[in-house]
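Structural description and commentary
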Amino acid sequence: VSAPPSFGPEAKVSIDSALRAIMFTDIVDSTGMTARLGDVRAVEMVRAHDAMVRRALKDKRGREVKHTGDGIMASFDEANAAVECARAIQHAFDAFNLASKEKLRVRIGLDVGEPVADSNDLFGTTVQTAARLCQAAEPDAVLISGAVRDALGDAFELREIGPRALKGFARPVTIYEVDCC
């Protein structure tokens with residue numbers, strides 16, 4: 001018989017000592033899409049998003065952490081794989097939109113750091129930064145932090161957006177946009 005899980009201050013939270021790249025995807029205007037298409041068709045569009053993101057995650061060695069309703073949070077062992085995945089996702093959406101009457105647009109945010117692992121989920125500054133970068137991204141864009149840029153070397157074409165205040169952070173975060181073409 002195993003002991004029941006601990007809750008409260010005595011509960012153990014583990015720090016994932018390995019550096020991880022965290023990615024968030026978000027369907028642009030999912031609420032408006034639901035209003036236009038209705039619940040059933042909107043769910044079909046979310047499923048299309050999920051299939052494209054999950055295919056790219058599998059191809060680029062990413063792990064889905066959780067589904068956010070209109071997006072996915074994922075983790076990668078390497079920043080390069082995360083950016084390659086983000087680019088593959090945007091390319092998949094470009095191809096989908098060429099063949100679909102209803103367009104699906106996604107925004108993506110990435111950060112790298114040491115997340116806190118608890119109950120099969122990840123938490124902490126790295127996760128929060130990736131989520132805020134996703135929120136700050138324009139439709140069809142991939143935004144990364146300076147930490148991700150530093151981990152990439154010269155592997156990708158990037159455009160510096162510069163320091164930007166992100167909700168909940170005391171200091172501005174230097175942001176870069178990944179060239180997805």
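Keep in mind the model is a prediction, meaning the values are calculated, not measured.

Cut-off values and rules
- Residues numbered from 1 in each chain as written.
- Predicted model: local features only at pLDDT ≥ 70, side-chain atom pairs only at ≥ 80, totals over all residues.
- Heavy atoms only, no water.
- Helix = DSSP H or I, 4+ residues; strand = E, 2+ residues; numbered from the N terminus.
- Contact = heavy atoms within 4.5 Å.
- Pairing = 2+ DSSP bridges.
- Axes fitted to C-alpha atoms, helices over the stretch in contact; angles between N-to-C directions.
- pLDDT = per-residue confidence, 0-100.
- Core = buried A, V, L, I, M, F, W, Y, C linked by side-chain atoms within 4.5 Å.
- Buried < 20%, exposed > 50% of the residue type's maximum accessible area, 1.4 Å probe, protein only.
- Expected span 1.5 Å × (residues − 1).
- Parallel < 35°, antiparallel > 145°, perpendicular 65-115°, else oblique.
- Left-handed = near helix turned anticlockwise from the far one by under 90°.
- Nonpolar A, V, L, I, M, F, W, Y, C, P; charged D, E, K, R; others polar.

**Overview of the side chain of Asp-26**
Relative to the elements of secondary structure, Asp-26 occurs in strand β2 (residues 20-27). Setting aside anything within four residues of it in sequence, one finds Asp-26 in contact with Asp-70, Gly-71, Arg-105, Val-106, Arg-107 and Cys-134.

**Some points on the sheet that holds strand β4 (residues 72-76)**
Read across the sheet, seven strands follow the order β3-β4-β2-β5-β8-β10-β9 without closing on themselves; strand pairing throughout is mixed. Looking along the sheet, the strands with just one partner apiece sit at the ends: β3 (63-67) and β9 (158-164). Adjacent strand axes in the sheet meet at a mean angle of 25°, parallel and antiparallel pairs treated alike. Here β2 pairs with strand β5 (residues 106-113) via eight bridges, running antiparallel. Residue Ala-21 lies in a different strand from β5, and its bridge partner there is Val-112. In the packing of helix α2 (residues 39-59) onto the sheet, the strands contacted are β2, β3, β4 and β5, and the crossing angle to β4 comes to about 0°.

**Digging into the confidence of the model for the protein**
Summary statistics for the protein give a mean pLDDT of 88 and a share of 90% for residues scoring 70 or more. Here strand β1 (residues 14-15) stands out as the element of the protein with the lowest mean pLDDT, 46, in contrast to strand β8 (residues 142-145), whose mean of 97 is the highest. In this model residues 1-16 is a low-confidence stretch, pLDDT under 50, and it forms twelve contacts with partners more than four residues away in sequence or in other chains.

**Side note on the nonpolar core**
Ranked by internal contacts, the top residues of the largest apolar core, which has 36 residues, are Met-23, Phe-76, Ile-89, Leu-110 and Ile-144. Counting only elements with at least two residues in this core, the list comes to β2, α2, β4, α3 (79-99), β5, β8, α5 (146-152) and β10 (173-178). When sequence neighbours within four positions are dropped, the list of residues in contact with Ile-144 reads Val-83, Leu-110, Leu-133, Arg-149, Leu-152, Leu-158, Thr-174, Ile-175, Tyr-176 and Val-178. Within the second largest apolar cluster, nine residues are counted, among which are Ile-22, Phe-24, Leu-122 and Ala-131.

**Describing α2**
The first and last C-alpha atoms of α2 sit 30 Å apart over 21 residues, in line with the 30 Å expected at 1.5 Å per residue. Taken residue by residue, α2 has Ala-42, Met-45, Val-46, Ala-48, His-49, Asp-50, Met-52, Val-53, Ala-56 and Leu-57 as its buried positions. For α2, the secondary structure elements touched by its buried residues are β2, α1 (30-37), β3, β4, α3 and β5. Directly beyond the C-terminal end of α2, a positive phi value near 65° is found at Arg-61.

**Structural notes on the environment of Ala-86**
Along the chain, Ala-86 turns up in helix α3. Residues Ala-86 and Lys-60, spaced 26 residues apart in sequence, show a C-alpha to C-alpha distance of 9.5 Å. Discounting residues that sit within four places of it in the chain, Ala-86 has contacts with Met-23, Ile-108, Leu-110 and Val-142.

**Here we look at the packing of α1 against α2**
Where α1 meets α2, the axes come as close as 7 Å, and the angle between the chain directions of the two elements is 135°. As the angle between them shows, α1 and α2 are arranged oblique. Where α1 crosses over α2, the two elements pack in a sense that is right-handed. For the pair formed by α1 and α2, the contact residues are Met-33, Thr-34 and Leu-37 on the first element and Asp-39, Arg-41, Ala-42, Met-45 and Val-46 on the second. By residue class, the composition of the contact of α1 with α2 is five nonpolar, one polar and two charged.

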